[in-house]
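Coordinates in review
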Amino acid sequence: VEMVYVRALELCSQVGDASQSYQAIVGLLRFNLYRGKAWTAFKLAEQLLALAQDLKDEYLPRARVLYGEILYRMGEFGQAQEQLSQAVAAYPPDQFPVDAHLFGNDTLVLSQVLLGMSLWQLGYPDQALQAGLAGLSRAQKISHPFTLVCGLYFTAVLHEFRREPQA
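Residues numbered from 1 in each chain as written. Predicted model: local features only at pLDDT ≥ 70, side-chain atom pairs only at ≥ 80, totals over all residues. Heavy atoms only, no water.

1. A short note on helix H9 (residues 145-161)
The condition is simple: Each helix is a run of H or I in the DSSP string that is no shorter than four residues. Each strand is a run of E no shorter than two, and both are numbered from the N terminus. Expected span of a helix, by definition, is 1.5 Å for each gap between consecutive residues, and there is one gap fewer than residues. Only protein chains enter the calculation, and the probe is 1.4 Å; a residue is then buried if its accessible area is under 20% of its type maximum, exposed if over 50%, and partly exposed in between.
Taking 1.5 Å of rise per residue, the 17 residues of H9 would be expected to cover 24 Å, and the 24 Å separating its terminal C-alpha atoms lies within 8% of that figure. For H9, every residue scored as buried is listed here: Thr147, Cys150, Gly151, Phe154, Thr155, Val157, Leu158 and His159. Two residues or fewer past H9, Arg163 is found with a positive phi of approximately 60°.

2. Description of the packing of aromatic side chains
To keep things clear, this is the line we draw: Working definition: rings of Phe, Tyr and Trp (its six-membered ring) pair if their centres are within 6.5 Å, and the pair is stacked with planes under 30 degrees apart, edge-to-face with planes over 60 apart, and tilted otherwise.
Across all of its chains, the model carries six aromatic pairs by this definition. Look at Trp39 and Phe42: their rings are 5.3 Å apart centre to centre, the planes differ by 25°, and that puts the pair in the stacked class. Of this pair, Trp39 and Phe42 both sit in helix H3 (residues 38-54), three residues apart, which is roughly one turn of the helix. Note on Trp39: relative accessible area 54%, which makes it exposed. Joined through ring pairs, the aromatic side chains of Trp39, Phe42 and Tyr67 make up one cluster.

Nothing here speaks to function; it is all geometry.
Put into structure tokens, the structure is as follows:
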């Protein structure tokens, strides 16, 4: 998988297709993140964010949420909260989740639930739950199963952290 994404990125560089490079970087970033190579994923997220800023606005929220997710996993909760807040603010709440089929989940839902997790780590339990519930509410409105699982999982974790077993 890694070799496929590396080769795709090379080919995109040769033809100068920035939007396809974006997709290849996302794939390579996720591969490294889920293989436990946080530093490599972090460097790719920086590259993705820089590329997204040069592309259309639609690319920036996903780049920010991936960057925020990596920062969260690295224990940089304040920086994660900043990136995730910007991702939420940049995504129109009434927009249909056009990116869910490309990335596996809705950008806004993922941004909101990860923002909730970051806020929890920063000591804001009420704001954390509010962000998580906003993500869950959107996940329930759209018809995308994995996004719903994402919203349910992270909201359940927040309730667990808050010692709310009934919820």
